[in-house]
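One-letter residues, chain by chain:
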Amino acid sequence: MQQMIDDLKSIPGVIGAFGYRAKQGILCNNLPSLFKAERLTEIAKNLSKIATAGRLNFPDLTEVLINFEESVVLCRPLGVNDCLITVCDPSINMNLLALSLNLALEDYNPAAAAAPPVAPAAPRVDPAQLRKSGPLARPLQSMAQMLAKVMGPMAGIVFDDALVAWAAGQVPSLSSLPALLDSLCREIGDPEKAERFRQLVHSQLAVNGN
Amino acid sequence: MSGIERFAQHLSKFKGVEHFVLTRNDGQLVTHNLPDPDDLASLVTLCGLSALAIRKTIGFSQFKHLICACAEHRSLIIFPLDKYFLGIRQKADANQAELIDGVNRFLQRLIVSHKAAG
């Protein structure tokens, strides 16, 4: 199943996915570490509840899709106990995702999926704490605001994800902020927007990056 | 004609709507166009509440709609409306995107006129 969710993540617009088995928990997960294991379990329990209740009324239920302002959450039940949950950008091509899921699930083997549960890598720092207090709080808040101007609603998730990765790779400090800036520019993807973000940060914080 | 009757009449005329139920978030059935709406009303309430719970857990801002996709394109679509949930069973030949867009615009108009009325 890990291979399956890694393949799914390569589809444009897919933020990540995870597999869930009732009574066992999360089977695999490649969502950003911002999506904590206990939250994913809670989400999966609610989606399983919807799918189970849905099948009582509609035995031909194939999937559950919830559209939120920032993201789309898609739950594809796999047999009785398992489900594959994908989190995507609202602009995703649903036909492409459905086709990819159908192809991936053709080879799905529930027994093989029962590998030991994989929890997401625990962050060494709490991004909320870094942004809340200490010498990095103000520059990080400014960078997050500027990223939101450039990227829109997904900025919060992208920023926290990059922040955790940045803090895990080095001691978080003012002098290492350029590395965070570079990482965020890579995450933006669009060179024009990345350059705009770099200039905004440079003009307000004097952080240069590469 | 009461506001609820007008609401039901308007929904019945929507292209692509096969059945609908409007429930309060405590499960109370408000209006419908089914001979036996109880099961669907319970499902719509449970799905709506679970979607709101997911929204809270994940920290998203707005729950827009939920789709229980069924074979032959007869999906159940659930929309939040303040403290109510509207569940719509779409016809097999309906264009789902158009139906969702139309219902959203209708609900948005309701919200705006409700706010304007104070």
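In what follows, the accompanying structure is described. (Residues numbered from 1 in each chain as written. Chains lettered and ligands numbered in written order. Predicted model: local features only at pLDDT ≥ 70, side-chain atom pairs only at ≥ 80, totals over all residues.)

1. So, the sheet that holds strand S1 (residues 14-21) of chain A
What counts here: Strands were regarded as paired on the criterion that DSSP finds at least two bridges between them. Helix and strand definitions follow DSSP, with helices as H or I runs of at least four residues and strands as E runs of at least two, each counted in order from the N terminus. Note on method: axes are straight lines fitted to C-alpha atoms, helices fitted across the in-contact stretch only, with angles between N-to-C directions ranging 0 to 180 degrees. Throughout, a residue-residue contact means that the two C-beta atoms, derived from backbone geometry, are no farther apart than 7 Å.
Across the sheet, ten strands lie side by side as S2(A)-S1(A)-S5(A)-S4(A)-S3(A)-S3(B)-S4(B)-S5(B)-S1(B)-S2(B); this open sheet has antiparallel pairing. The outermost strands of the open sheet, each flanked by one partner alone, are strand S2 (25-29) of chain A together with strand S2 (29-32) of chain B. Between one strand axis and the next, the sheet turns through 20° on average, direction left out of account. Bridge analysis of strand S1 (residues 17-24) of chain B against S2 of chain B gives three bridges, and the strand direction is antiparallel. Considered in S2 of chain B, the bridge of Leu22 of chain B is made with Thr31 of chain B. In this fold helix H2 (residues 38-58) of chain B packs onto strand S3 (61-68) and strand S4 (72-78) of chain A together with S1, S2, strand S3 (63-70), strand S4 (76-81) and strand S5 (84-90) of chain B, with an angle of close to 65° to the strand it touches most, S1 of chain B.

2. Considering the interface of chain B and chain A
To be explicit about the condition: Three residue categories are used. Nonpolar comprises Ala, Val, Leu, Ile, Met, Phe, Trp, Tyr, Cys and Pro, charged comprises Asp, Glu, Lys and Arg, and polar comprises the others, including Gly.
Each partner contributes residues to the interface: chain B has 25 residues there, and chain A has 23 residues. Of all elements in the fold, only H2 and S3 of chain B reach the threshold of two or more residues within the side of chain B that touches chain A. It is H2 of chain B that provides the largest number of residues to the side of chain B that touches chain A, a total of twelve residues. Classifying every residue of the side of chain B that touches chain A gives 17 nonpolar, five polar and three charged. Note that S3 of chain A and S3 of chain B share seven bridges and pair antiparallel. Its bridge partner lying in S3 of chain B, Leu65 of chain A is registered against Ile67 of chain B.

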